[in-house]
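# Structure at a glance
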Amino acid sequence: MKKLLIISSTKKSNFDLSIKIKDYLKSNDQVTCEVISLEDFELPLYTPTLEEKFKNGELFPENISKIKELICSSNAMIWCSPEYNGGISPIVTNAIAWISRATKDWKEGFDNKNSLICSSSGGNGRNYVKGFTLQLSYLGSIVFEKSLIKTSSKDIDNTEFTNVLNDFCSNII
Ligand SMILES: Cc1cc2nc3c(=O)[nH]c(=O)nc-3n(C[C@H](O)[C@H](O)[C@H](O)COP(=O)(O)O)c2cc1C
């Protein structure tokens, strides 16, 4: 049984999409799923100055290690994020920036691990998928060639939803 971490950037429609994915995968005996929302971890905005402050006395926020542990202990990840201004939403890049600076073994969380990129976005969400594919690949993750995108005018086709999730789960290393 593979451990699948579903990471929502928000607590709104991308979280709903995450829960929908988890509910669908309940009947899949290849995986167990956990859903988190990055909003719940309330990380501060990464700045080099704040990082220095943490290094020079104050401890790094505990939630950075918590996210890192969840990522490292999973076999694969599904990322549900909105597109913002033709790119990746800051809450995701902020979380990745913190774990890359505040934890040691964080690279194991991405290296050779399968990722599926999903989105509930206002427009078509494609720029986020392209941008995040580049970032996850740079971090060593194996990004699934298909993605699931819901927009404000178009829901995800049911057959596509089930096919993509079934294919992704059966290909987890
Ligand atoms: C700052 C900001 C920028 C946005 N830029 C885009 C965009 O470039 N493309 C797009 O498809 N939607 C864009 N949207 C709309 C969001 O993708 C959309 O509201 C999404 O559903 C929000 O996800 P949520 O319901 O999980 O919060 C933007 C929203 C915000 C707040």
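Residues numbered from 1 in each chain as written. Predicted model: local features only at pLDDT ≥ 70, side-chain atom pairs only at ≥ 80, totals over all residues. Heavy atoms only, no water.

### Details of the pairing of strand β1 (residues 2-8)
For β1, the buried fraction is high: 5 of the 7 residues fall into the buried class. At this point the chain moves from β1, through helix α1 (residues 13-25), to the parallel strand β2 (residues 31-37), and the crossover so formed is right-handed. Across 5 bridges, the pairing between β1 and strand β3 (residues 76-80) is parallel. Paired with Ile7 across the strands is Trp79, a residue of β3. (Buried < 20%, exposed > 50% of the residue type's maximum accessible area, 1.4 Å probe, protein only. Helix = DSSP H or I, 4+ residues; strand = E, 2+ residues; numbered from the N terminus. Right-handed = clockwise from strand over helix to strand, strands pointing away. Pairing = 2+ DSSP bridges.)

### Remarks on the site of the ligand
Around the ligand, 15 residues are found, and the nearest of them are Thr10, Ser13, Asn85, Gly86 and Gly123. At 3.2 Å, a backbone N or O of Gly122 approaches an oxygen atom of the ligand. Contacts to the ligand include Gly123, whose backbone N or O atom sits 2.4 Å from an oxygen atom. When isolated, the ligand has an accessible area of 640 Å², and the protein chains bury 64% of it. (Near = heavy atom within 4 Å. Polar contact = N/O pair within 3.5 Å; in protein donor to acceptor, adjacent residues only side chain to side chain. Areas by Shrake-Rupley, 256 points an atom, 1.4 Å probe, with all protein chains shown as cover.)

### Considering the nonpolar core
One finds Ile7, Ile67, Ile71, Trp79, Phe110 and Phe132 to be the most contacted residues of the largest nonpolar core, which totals 29 residues. Judged by nonpolar contacts, the second largest core, of 22 residues, contains Cys33, Ile78, Phe161 and Val164. (Core = buried A, V, L, I, M, F, W, Y, C linked by side-chain atoms within 4.5 Å.)

### Here's the deal with the environment of Ile71
For Ile71, the location among the structural elements is in helix α3 (residues 62-72). The sequence separation of Ile71 and Phe54 amounts to 17 residues, and the corresponding C-alpha distance is 22 Å. In this view, Ile71 contacts Leu5, Ile7, Met77, Trp79, Ile99, Gly109, Phe110 and Lys113; residues no more than four positions away in its chain are not counted. (Contact = heavy atoms within 4.5 Å.)

### Some thoughts on unusual backbone geometry
A positive phi is found at Glu42, a non-glycine position, where the angle reads about 45°. Summarising the element assignment, Glu42 is placed in the loop between β2 and α2 (48-55). If you check the backbone angles, Asn112 has positive phi at about 60° while not being a glycine. Mapped onto the secondary structure, Asn112 falls in the loop between α4 (90-102) and β6 (114-121). Exposure remark for Asn112: the relative accessible area of 52% places this residue in the exposed category.

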